[in-house]
Amino acid sequence: MGISVSRVGGNAQIKSMKKIAGTLKLDQAQFRELEAFSKFGSDLDAATMRVLDKGRKNVEILKQAQFAPLKIEHQVAIIYCGVKELLRNVPVVKVKDFERDFLELMEMQYRPVLDQLRAGVLSDNETNVIEKVAAEVAERYSE
């Protein structure tokens, strides 16, 4: 009692989510700012286009169907993909398809890695597996 929700929020997160959520907040803030700015100009440099593309893909990743929340380990894995730009070659309209296939493959072949993510562990082993699976699935959706 007496503790604000904003202060509790970060403490309630598992360690693996904390590791990736900090950069996600910053990335999305930068995206929103550039998105608003980009509406006024048509000539955008490559770096700005990259930030906008990453932001749009992260927005898609963060969407969840009503009454169908993702497991925390799935959230950590897919947000990691977005934050680390592992969807660079996946069109925005295919992000949800990528997400479905990526999480399905993780469940079928790499359940121990997901269990580690659920336990709050995000070490080199877990990130290497996520990156490998993301590259494999992204190849199917490359532009």
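One numbering rule holds for all chains: residues counted from 1, following each sequence as written. Under the rules for a predicted model, residues below a pLDDT of 70 receive no local features and side-chain atom pairs below 80 are neither given nor counted, while totals for whole chains, interfaces and linings still include all residues. Hydrogens and waters are ignored; side-chain quantities use all the structure's heavy atoms.

Peer 1: Which residues make up the overall build of the protein chain, and what are the values?
Peer 2: Secondary structure elements follow DSSP: runs of H or I no shorter than four residues count as helices, runs of E no shorter than two count as strands, and numbering proceeds from the N terminus. Looking only at helices and strands, one finds 7 helices and 0 strands in the protein chain. Exposure classes here rest on a 1.4 Å probe applied to the protein chains alone. A residue is buried below 20% of its type maximum, exposed above 50%, and partly exposed in between. Out of the 143 residues in the protein chain, the part that is buried amounts to 38%. Counting contacts in the protein chain only where the partners sit at least 6 residues apart, residues at least 24 apart contribute 74% of the total. Surface accessibility of the protein chain: about 8,800 Å² in total, with carbon and sulfur atoms responsible for 54%. Working rule for contacts: check all heavy atoms of both residues, and any pair within 4.5 Å makes them a contact. Per-residue accessibility takes into account occlusion by the displayed protein chains alone, with areas from the Shrake-Rupley method and a 1.4 Å probe.

Peer 1: Account for the packing of aromatic side chains, with residues named and values stated.
Peer 2: The description of an aromatic ring pair rests on the distance of the ring centres and on the angle between the ring planes. By convention, a stacked pair of Phe, Tyr or Trp rings (six-membered ring in the case of Trp) has centres within 6.5 Å and planes under 30 degrees apart, an edge-to-face pair has planes over 60 apart, and any other such pair is tilted. Applying the stated rule across the entire model yields 1 aromatic pair. Arranged with centres 5.6 Å apart and planes meeting at 10 degrees, the rings of Phe98 and Phe102 form a pair that is stacked. Pair noted here: Phe98 and Phe102 are both in helix α5 (residues 95-109), with a separation of 4 residues, about one helical turn. Residue classification places Phe98 among the buried positions, given a relative accessible area of 0%.

Peer 1: Describe the confidence of the model for the protein chain, naming the residues involved and giving the relevant values.
Peer 2: On average, the protein chain scores 87 in pLDDT, and the residues at 70 or more come to 90%. Of all the helices and strands in the protein chain, helix α1 (residues 5-12) carries the lowest mean pLDDT, 54, while α5 carries the highest, 97. The quantity called pLDDT is the predictor's confidence in a given residue, expressed from 0 to 100. In the predicted structure, residues 1-8 sits below a pLDDT of 50 and forms 1 contact with residues beyond four places in sequence or in another chain.

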